[in-house]
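Chain by chain, the residues:
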Amino acid sequence: MNVLLTGGAGYIGSHVLRAVLAAGHNCVVYDSLIKGHAEAVETTGAELVLGDIADTRKLLQVIGDNKIDTVINFAAFIEAGESMDKPEKYFRNNTVKTLELLETMRAGGVKRIVFSSTAAVYGTPELTPIAETAPLAPINPYGSSKLCVEYMLQAYAAAYGLGGVALRYFNVAGAHPAGDIGEAHSPETHLVPLVLQVPLGQRDDIKIFGDDYDTPDGTCIRDYIHVCDLADAHVLAAGAIEPGEIKVYNLGNGEGFSVKEVIETCRKVTGHAIPAEITPRRPGDPPRLVASSAKAIEQLGWRPEYPELETIVSHAWAWHESHPNGYND
């Protein structure tokens, strides 16, 4: 395959880049670097093109020059909380610009796409573990912006023969075992790196938003998937694309861990006490989000290599300890 990774300089995109190259495919990264990091691409020697996915002329040239036949799209904003305050930012960037990408792909004759979707399309689920057949009812504009794209993909498949896969991620964490790429968001909103900021001396404690949920220890439960396992799933998904069909898969471990369990694991890995403070619940936080990845395991042959939370945290800690300021170190 000749793959174009849009948003490929970001956290997940840079790990997928490694997986795509390791599988023997050609790959070009196209990124605005609003959120991504050029250093994450430079470690691979892959070509990085600076640009916006709404720049049709530039993107079409990249597609033609590199004989692109498959797009893996990560170009999106991902902060659910921010999307509540700035919905226009999320619909414009995540939805409208992806429509521009699909139109550019159509003009360039590219009919294969893997789309980075999210478990946020399910909102607050009635049952867990969550299967792909669960009701789609996002509770924030971030989830809605991604679900809009899934609907667009279905329409393009029916009208133009587009083939694709939408991957609904649960909580992605960890870092590449090599230790040279990892998570570097500003501001950081994900639990594992936030907890690890305490032993790094970057915050005094970690806030737990609510301890009165209907869960064993009262804190929210989430499904954590190692970023490298997620990356491997993208390569498998690209190989499963069929013309005129959009397939959908959940990606998670199928096992949930509470906020308190994550903090305790971080304490064990780092050897730091990591003080925690209970604060009021945040609006819109479901008590439990756990994936059923049975469909991906059965149809894609996907097998997570790093399912243990301690391994996920250990890889994350190795990255953050050696790069406390991300790619600025």
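What comes next is a walk through the structure. (Residues numbered from 1 in each chain as written. Predicted model: local features only at pLDDT ≥ 70, side-chain atom pairs only at ≥ 80, totals over all residues. Heavy atoms only, no water.)

Among the structural elements, arginine 281 can be located in the loop between strand 12 (276-279) and strand 13 (288-289). Residues arginine 281 and aspartate 211, spaced 70 residues apart in sequence, show a C-alpha to C-alpha distance of 7.9 Å. Sequence-distant contacts of arginine 281, defined by excluding residues within four places in its chain, comprise Phe209, Gly210, Asp212 and Tyr213. One polar contact links arginine 281 to aspartate 212, side chain to side chain, over a distance of 2.9 Å. (Helix = DSSP H or I, 4+ residues; strand = E, 2+ residues; numbered from the N terminus. Contact = heavy atoms within 4.5 Å. Polar contact = N/O pair within 3.5 Å; in protein donor to acceptor, adjacent residues only side chain to side chain.)

Once that is clear, we can look at the packing of aromatic side chains. Evaluation of the coordinates by the stated rule reveals 4 aromatic pairs. Measuring from ring centre to ring centre gives 5.1 Å for tyrosine 156 and tyrosine 160, while their planes differ by 65 degrees; the resulting arrangement is edge-to-face. Remark: tyrosine 160 and tyrosine 156 occur in helix 6 (residues 141-160); sequence separation between them is 4 residues, near one turn of the helix. Through successive ring pairs, a cluster of aromatic residues spans Phe77, Tyr90 and Tyr142. Sitting above the plane of the phenylalanine 77 ring, lysine 89 keeps its charged end 4.6 Å from the centroid. Above the face of the tyrosine 213 ring, arginine 281 is positioned so that its terminal group lies 3.9 Å from the ring centre. (Phe/Tyr/Trp six-rings, centres within 6.5 Å; stacked < 30°, edge-to-face > 60°. Lys NZ or Arg CZ within 6 Å of the ring centre and 35° of its normal.)

In a soluble, globular protein the nonpolar side chains are often hidden away together inside. Counting residues in hydrophobic clusters, the biggest one holds 37 residues, and the most contacted among them are Leu5, Ile12 and Leu251. Mapped by element, the contributors of at least two residues to this core are strand 1 (2-6), helix 1 (11-22), strand 2 (26-31), strand 6 (163-169), helix 8 (227-239), strand 10 (246-251) and helix 10 (294-300). Of the residues forming this core, the biggest block, 8 residues, is contributed by helix 8. Ignoring anything within four residues of it in the chain, the contact list for isoleucine 12 reads Phe74, Tyr169, Val172, Val227 and Leu230. Formed by 26 residues, the second largest nonpolar core is a distinct cluster that contains Leu4, Ile53, Ile63 and Leu101. (Core = buried A, V, L, I, M, F, W, Y, C linked by side-chain atoms within 4.5 Å. Buried < 20%, exposed > 50% of the residue type's maximum accessible area, 1.4 Å probe, protein only.)

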